[in-house]
Structure formats: C-alpha cells, structure tokens
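Inside the fold
Here's the letter readout for the chains.
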Amino acid sequence: KGTALASVIGYTVSGWHLPPAAPGSWGYFYLPALTLIVLCSVCAAPWGARAAHRMDVVALKKVFAVLLGSLAAYMLYRSSVGF
C-alpha cells in the first residue's frame, strides 16, 4: 500500500505544473479512467479471488506465468514498434 500511495503522490505532484491534457485530468491522472478502473477492480476482485481458490496451485502458477509472459512479449513488441 505504501508503494502505491507514494506512486500516486509522485505522479500527481510531478504533473501538477503541467496544463491539463484533457478535461478531468489531475496531474498525470485522468480521473474518469481512474474511476472506471477502480470500480471494475473492486467489482471483479471477489471473482478473481474465488477462481484462484478453486484452482489447483500448479495450474494457477502456470496461468499466471503465461499471463506475465504474454504481457512481457506485448510490452517488448510495443517498444520495438514505437507505439
């Protein structure tokens, strides 16, 4: 929690002097998107926890490894293409 809070404060303070990129921006945060992400995360967290508790530990680790590998490959691809 401390790392997340420090990150939020850092991004807010470092972007405070910038003109708003879009209406609803606060520092580097776009508040409508932040609100939507928070609401979806809070609603979906119980489903994810329930699914994780029902899965076999080995299978859960494999699914997580595939997810992380996919995200890493996507980020590598995006960085090589230049967005």
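Since the structure is predicted, the reported quantities are computational estimates derived from the model, not experimental observations.

Once that is clear, we can look at the overall build of the protein chain. Per the secondary structure count, the protein chain includes three helices and two strands. Helices (α) and strands (β) of the protein chain occur, in sequence order from the N terminus, as α-β-β-α-α. Here the C-alpha atoms of the protein chain give a radius of gyration of 17 Å, more than 25% beyond the 12 Å that 2.2 N^0.38 yields for 83 residues. Out of the 83 residues belonging to the protein chain, those deemed buried represent 4%. Of the roughly 7200 Å² of accessible surface on the protein chain, 75% is carried by carbon and sulfur atoms.

Low pLDDT marks regions whose predicted coordinates should not be analysed in detail. Confidence in the prediction of the protein chain, expressed as mean pLDDT, is 88, and 96% of residues score 70 or more. The lowest-confidence element of the protein chain is strand β1 (residues 25-26), averaging 78 in pLDDT; the highest-confidence one is helix α3 (residues 57-81), averaging 94.

Rules of the game
Residues numbered from 1 in each chain as written. Predicted model: local features only at pLDDT ≥ 70, side-chain atom pairs only at ≥ 80, totals over all residues. Heavy atoms only, no water. Helix = DSSP H or I, 4+ residues; strand = E, 2+ residues; numbered from the N terminus. Rg over C-alpha atoms; globule rule 2.2 N^0.38 Å. Buried < 20%, exposed > 50% of the residue type's maximum accessible area, 1.4 Å probe, protein only. Areas by Shrake-Rupley, 256 points an atom, 1.4 Å probe, with all protein chains shown as cover. pLDDT = per-residue confidence, 0-100.

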